[in-house]
Amino acid sequence: MTREQYILATQQNSLPRTEHPQFYPVGIYGWRKRCLYFFVLLLLVTMIVNLAMTVWILKVMNFTVDGMGNLRVTKKGIRLEGISEFLLPLYVKEIHSRKDSPLVLQSDRNVTVNARNHMGQLTGQLTVGADAVEAQCKRFEVRASEGGKVLFSADEDEIVIGADRLKVTGTEGAVFGHSVETPHIRAEPSQDLKLESPTRSLVMEAPRGVQVNAAAGDLKATCRKELHLQSTEGEIFLNADTIRLGNLPVGSFSSSSPPSSSAPRQTIYELCVCPNGKLYLSPAGAGSTCQSSSNICLWS
């Protein structure tokens, strides 16, 4: 390096700098800063409103540690107090009320209770409607509150009434479309018992006999065409102080000798039966008025 170069170099370093240094600010300024503060303030307001709404909902719904509102969660299950409304299906194992209150299920239309198996198939259904109560199941039973005795049961094969007494209070009585099997039929005290078949025949059968007893009244059997009393192995025994057969035809009487006017005459009749089973009255000693000559006189 030459001397002139060294002097020039030292002179340039010793000259005072007249330029100001440049500083670069760090942070958010201007409209960006104002927008940030606005969003932070909006978020704070939203959090306060949400917290106030949450507190209000907890207060209105009556949320507690045990549950909410009328719903209480206990060790035995869920307890509802007051009136509860369900808008969707309810699946429970058991529903019961308090010991001193009834259980009421109410609907604007029908109340339907379904029972399903593990495959989801319908096994039983109880529908309570405005016009009827319908039960669809394999077997329907009504049991007594004490002892669990079956009072009524019905299935596809038979209907069983297990009560000690079946009482029909209708004015028209009970109507049976087919046969009825029972060991005892009786009427209420001071009431008449009437067995009637308006258009068909009435048949009473028993393997060891049929007993008809009227302790304090009359026994009356009325039919339009024929009344059959049949005993296959025994006899038909009529035991009474007086046996009357009314409206029997009377046979004609003709005597060859002229009647004596001096002595009073008393006509004696015989009860005779024809081979076809008809009964008639015939004066004693008179000829037969039946078509057949083999008549049988019962008594005179």
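Our subject in this report is the structure included herewith. This one's a predicted model, so the numbers in the text were calculated from it and none came from an experiment.

1. Quick look at the sheet that holds strand β8 (residues 150–154)
Working step 1: Read from one edge to the other, the open sheet built from three strands follows the order β7-β8-β9, with strand pairing classed as antiparallel. Across the chains shown, the open sheet's two edge strands, defined by having one partner strand only, are β7 (140–143) and β9 (159–161). When the angles between neighbouring strand axes are averaged without regard to direction, this sheet yields 10°.
Working step 2: Across four bridges, the pairing between β7 and β8 is antiparallel. Considered in β8, the bridge of R143 is made with V150.

2. Considerations on the pattern of salt bridges
Any two side chains of opposite charge can pair, on the condition that their charged atoms come close.
Working step 1: Summed over the entire model, instances satisfying the criterion amount to five salt bridges.
Working step 2: In this structure, the salt-bridge partner of R143 is E141, at a minimum N-O distance of 3.0 Å.
Working step 3: Given a relative accessible area of 33%, E141 falls into the partly exposed group.
Working step 4: Salt-bridge contacts for K149 lead to D164; the nearest nitrogen and oxygen are separated by 3.2 Å.

3. Quick notes on the pairing of strand β6 (residues 133–136)
Working step 1: When strand β5 (residues 122–128) meets β6, the two strands line up antiparallel, connected through four bridges. Residue pairing across strands places L126 opposite A135, the latter belonging to β6.
Working step 2: The hairpin turn running from β5 into β6, its antiparallel successor, is four residues long.

4. Some thoughts on the packing of aromatic side chains
Working step 1: Following the criterion strictly, the structure yields two aromatic pairs and no others.
Working step 2: Seen in terms of ring centroids, F38 and F39 are 5.8 Å apart; in terms of plane orientation they differ by 65°. Their pairing is edge-to-face.
Working step 3: Using a relative accessible area of 53% as the deciding quantity, one classes F39 as exposed.
Working step 4: For the pair F140 and F152, a centre-to-centre distance of 6.5 Å together with 65° between the ring planes defines the contact as edge-to-face. Taken together, the residues F140 in strand β7 and F152 in strand β8 connect sequence positions 12 residues apart.
Working step 5: Judged by relative accessible area, F140 falls into the partly exposed class, the value being 34%.
Working step 6: Classification of F152 by relative accessible area gives partly exposed; the value is 29%.

5. Some words on the side chain of S153
Working step 1: Its location among the elements puts S153 in strand β8.
Working step 2: For S153, the side chain forms a polar contact with the side chain of R139, separated by 3.3 Å.
Working step 3: Among all residues touching S153, those that are not within four sequence positions of it are R139, F140, E141, E158, I159 and V160.

6. What to know about a nonpolar patch on the surface
Working step 1: Taken together, L41, L44, V45, I48, V49, M53, W56, I57, L58, V60, M61 and F63 make up a surface patch of nonpolar side chains, about 1,100 Å² in accessible area.
Working step 2: Mapped onto the fold, W56 is located in helix α2 (residues 31–60).
Working step 3: Relative accessible area serves as the criterion here: at 52%, W56 is assigned to the exposed category.

7. What about the pairing of β8?
Working step 1: In this antiparallel pair of consecutive strands, β7 and β8, the connection spans six residues, and G147 shows a positive phi of 90°.
Working step 2: With three bridges connecting them, β8 and β9 associate as antiparallel partners. Note on β9: the bridge partner recorded for A154 is I159.
Working step 3: Once β8 ends, the chain turns through four residues before running back antiparallel as β9.

The rules we used
- Residues numbered from 1 in each chain as written.
- Predicted model: local features only at pLDDT ≥ 70, side-chain atom pairs only at ≥ 80, totals over all residues.
- Heavy atoms only, no water.
- Pairing = 2+ DSSP bridges.
- Helix = DSSP H or I, 4+ residues; strand = E, 2+ residues; numbered from the N terminus.
- Axes fitted to C-alpha atoms, helices over the stretch in contact; angles between N-to-C directions.
- Salt bridge = Lys/Arg side-chain N within 4 Å of Asp/Glu carboxyl O.
- Buried < 20%, exposed > 50% of the residue type's maximum accessible area, 1.4 Å probe, protein only.
- Phe/Tyr/Trp six-rings, centres within 6.5 Å; stacked < 30°, edge-to-face > 60°.
- Polar contact = N/O pair within 3.5 Å; in protein donor to acceptor, adjacent residues only side chain to side chain.
- Contact = heavy atoms within 4.5 Å.
- Patch = residues over 30% accessible without salt bridge, like charges linked within 9 Å, V, L, I, M, F, W, Y side chains within 5 Å.
- Areas by Shrake-Rupley, 256 points an atom, 1.4 Å probe, with all protein chains shown as cover.

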